[in-house]
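Structural features, examined
Here is how the chains run, residue by residue.
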Amino acid sequence: MSAVSREPSELGLLWKLALPLALAQAGQALMGLVDTAVLGRLSAAAQAGAGLGNSLSFTCTFFGMGVMLALDPLVSQAIGAGDLTRARTHYWQGVWLALLTSVVVMVPVALIPFMLEPFGVAPTVAEGAREYMWWRLPGIAGVLLFVTARSYLTGTGRVAITFWAMVVANVANLGLDVAFVFGVGPIPALGVMGAAIATVLSTWLQLGILFFGFGEAPAGTQRRFDRLEVLRALRLGAPIGLHFIAESGLFSLTGLLSGRLGETAAAAHQVALNWASITFCVASGIGAAASTRVGWAIGRGDSPGARRAGLTAFGSVVVFMALASLVFLAFPRTMAGLMSTDPGVMDTVIALFVVVAVFQISDGVQAVGAGALRGTGDTTFTFWANMVGHWLIGLPVAYLLGVRGPYGVVGLWWGLSAGLTVVALALVVRFNRTTRGHIARLG
């Protein structure tokens, strides 16, 4: 057997990165899912309120997370070029950017709760969302610093620690959720507030674990604030953050519209969204691995390798999301029952799972497309694709079917499906065109 044949395939190399990243991404969504599931044992109002609060908080925080993903191409291309010092310096400038961005993100998270009832959200749902969002404020900086550290570790190929951080944080979150929501011993029952506090503490714990994977900084690493470097990262990351807002903002708006349809529709929306977020996070993990593999290839001047890495990721996510679709169709009642015991909520969730199954492949392809393009340094196109797909196509369809039409929350989700499909097609076409020739490394 030749030496060439013994080399790992692109598929194997991709999944060596993608699997721990996918599990870690799913673990992030699992915290919100556990909050929603635990509160579902308390009441439908608490479940709907915390679910809406989690969705809105995550939408705002998602912008900051997107900004921090500027480190993906910066670090991975530096590593591909063999410049370890430059990669570590990018991380430290990312820390400064994360702290500044967290201050910006906290403003809407603090103010949005005042707008819920005027928007038409049921008072009981609005009260739970308000309480949940305000108690999540201390965790915003922790989330952005976590994304910064994770991007650096991913760019250097050290991803196992990200998985173990997720495992520990989720075990802690489950225990703290039960203790704080229902009360244990001297700990009083805190309800929605307790779920938020549990998630904040678990987020900071997860960040702390990542630091064990860093190792010693290379000589010459610059830790001081560098305005030009921070602005450079911001210019690269801002379109990613805006893309995240465009996508998650529509899901949050759908949550607000479902809140106007009553507690049952709102709770069902949150349950379906939490389950869909699990599979999306796996796809996003594959996208993050694609971003790194593409960035490494560009850093070493291998444009064909960058194209090969992206196409392999597209194929992988299609297979995974097709299997996920079958799960949603095969076990809808079992999955709904894990999140709620309310018969009305369960029946609505089962209807929503049909829509979720339909858009799984589109959701996965657009997540990988965003990651692969991010690896090339192309972040602006993804933002505009999301604006057109979600807001000019998805939202009108959702409004016509779910608000003006007779389909309620299920109609809202068909609008989401239409938007995701348009975005997925646009990103596949863009990556195919971008990688046909030479791809320049970021300066």
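Residues numbered from 1 in each chain as written. Predicted model: local features only at pLDDT ≥ 70, side-chain atom pairs only at ≥ 80, totals over all residues. Heavy atoms only, no water.

1. Notes on the overall build of the chain
Quick note on the threshold: Numbering of helices and strands starts at the N terminus; helices are DSSP runs of H or I of at least 4 residues and strands are runs of E of at least 2. A 1.4 Å probe rolled over the protein chains alone gives each residue an accessible area, and that area as a share of the maximum for its type sets the label: buried under 20%, exposed over 50%, partly exposed in between. Contacts: residue pairs with any heavy atoms within 4.5 Å of one another. Every accessible area reported is derived by Shrake-Rupley at a probe size of 1.4 Å, with residue values counting cover from the shown protein chains alone. Think of it this way: Lys and Arg go in the positive column, Asp and Glu in the negative one, and His and the chain ends go nowhere. To locate a charge, take atom NZ for lysine, CZ for arginine, CG for aspartate or CD for glutamate.
Secondary structure summary: the chain contains 16 helices and 0 strands in total. Structurally, the chain occupies a C-alpha span of about 60 × 45 × 45 Å along its principal axes. Looking at the chain as a whole, 59% of its 443 residues are labelled buried. Sequence-distant contacts, at least 24 apart, represent 84% of the contacts inside the chain between residues at least 6 apart. Here the chain has roughly 16,900 Å² of accessible surface; of this, 70% comes from carbon and sulfur atoms. Each charge class in the chain was averaged separately, 26 positive and 19 negative side chains, and the resulting centres sit 10 Å apart.

2. Things to note about the side chain of T376
If you trace the backbone, T376 turns up in helix α14 (residues 343-376). In this view, T376 contacts Q77, V294, I298, T434 and I439; residues no more than four positions away in its chain are not counted.

3. A word on the pattern of salt bridges
The condition is simple: One speaks of a salt bridge when a side-chain nitrogen belonging to Lys or Arg is within 4 Å of a carboxyl oxygen belonging to Asp or Glu.
Under the definition given, this model contains 8 salt bridges. Notably, a salt bridge pairs R293 with E10, separated by 2.9 Å at the nearest N-O pair. Of the two residues, R293 sits in helix α11 (residues 263-299) while E10 sits in helix α1 (residues 10-40), which places them 283 residues apart along the sequence. E10 shares its class with R293; the two are buried.

4. Remarks on the confidence of the model for the chain
Put simply, the rule reads: The pLDDT value tells you how sure the predictor is about a given residue, anywhere from 0 up to 100.
Chain-level statistics for the chain give a pLDDT mean of 89 and a share of 98% at 70 or above. Considering each helix and strand of the chain separately, the mean pLDDT is smallest for α1, with a value of 80, and largest for helix α4 (residues 84-111), with 96.

5. Observations regarding the packing of helix α7 (residues 140-155) against helix α9 (residues 192-210)
In plain terms, the rule: To obtain each axis, a line is fitted to C-alpha atoms, and for helices this fit is confined to the stretch in contact; angles are then taken between N-to-C directions over 0 to 180 degrees. Any angle that is under 35 degrees is reported as roughly parallel, and any over 145 degrees as roughly antiparallel; angles of 65 to 115 degrees are reported as roughly perpendicular and all others as oblique. In a left-handed crossing the near helix is turned counterclockwise from the far helix by less than a right angle, and in a right-handed crossing that turn is clockwise. Note on residue categories: nonpolar means Ala, Val, Leu, Ile, Met, Phe, Trp, Tyr, Cys or Pro, charged means Asp, Glu, Lys or Arg, and polar means any other residue, Gly included.
Viewed as axis vectors pointing N to C, α7 and α9 meet at an angle of 30°, and their least axial separation amounts to 9 Å. For the element pair α7 / α9, the angle class is roughly parallel. Seen from above, α7 lies across α9 with left-handed handedness. Listed contacts from α9 to A141, G142, V143, L145, F146, A149, R150 and L153 of α7 are T203, W204, Q206, L207 and L210. Across the contact of α7 with α9, the residue classes break down as 9 nonpolar, 3 polar and 1 charged.

6. Here we look at the side chain of D378
Position of D378 among the secondary structure elements: in the loop between α14 and α15 (380-404). The residues contacting D378, other than those within four sequence positions of it, are L373, R430 and T434.

7. Concerning the nonpolar core
Test applied: Throughout, nonpolar core names a set of buried Ala, Val, Leu, Ile, Met, Phe, Trp, Tyr and Cys residues whose side chains join them through atoms within 4.5 Å.
Formed by 117 residues in total, the largest nonpolar core has its most connected members in W275, F353 and W413. The leading source of residues in this core is α11, at 19 residues. Excluding residues within four positions of it along the chain, F353 makes contact with A272, W275, F328, P332, M335 and A336. Grouped together as the second largest cluster of nonpolar side chains are 10 residues, V38, A46, V192 and A196 included.

8. Here we look at a nonpolar patch on the surface
What counts, and what does not: Like-charged residues are merged into a patch within 9 Å and nonpolar side chains (Val, Leu, Ile, Met, Phe, Trp, Tyr) within 5 Å, provided each residue has over 30% relative accessible area and no salt bridge.
Taken together, the side chains of V107, L111, F114, M115, W134 and W135 make up a nonpolar region of the molecular surface, amounting to roughly 630 Å² of accessible area. Counting residues per element, the ones that place at least two in the nonpolar patch are α4 and α6 (123-136). For V107, the position within the fold is in helix α4.

9. Quick look at the packing of aromatic side chains
Just so we agree on the cut-off: Whether two aromatic rings pair depends on their centres lying within 6.5 Å, for rings of Phe, Tyr and Trp, where Trp uses its six-membered ring; planes under 30 degrees apart make the pair stacked, over 60 edge-to-face, and the rest tilted.
Evaluation of the coordinates by the stated rule reveals 14 aromatic pairs. For the pair F62 and F244, a centre-to-centre distance of 4.3 Å together with 20° between the ring planes defines the contact as stacked. Taken as a pair, F62 in helix α2 (residues 44-68) and F244 in helix α10 (residues 227-259) lie far apart in primary sequence, 182 residues in all. Pair check on accessibility: F62 and F244 agree, each one buried. With a centroid separation of 5.9 Å and 70° between ring planes, the pair formed by F211 and F214 is classed as edge-to-face. Pairwise contacts between aromatic rings join Y91, W92, Y152, F211 and F214 into one cluster.

10. Describing the packing of helix α3 (residues 71-80) against α11
Look at α3 against α11: their axes get within 7 Å of each other, and the N-to-C directions meet at 45°. Relative to α11, α3 is oriented oblique. Every pair of crossing elements has a handedness; the one defined by α3 and α11 is right-handed. Residue-level inspection shows D72, S76, Q77, I79 and G80 of α3 in contact with α11, the latter providing S291, T292, G295, W296, I298 and G299. Partitioned by chemical class, the residues of the contact of α3 with α11 number 3 nonpolar, 7 polar and 1 charged.

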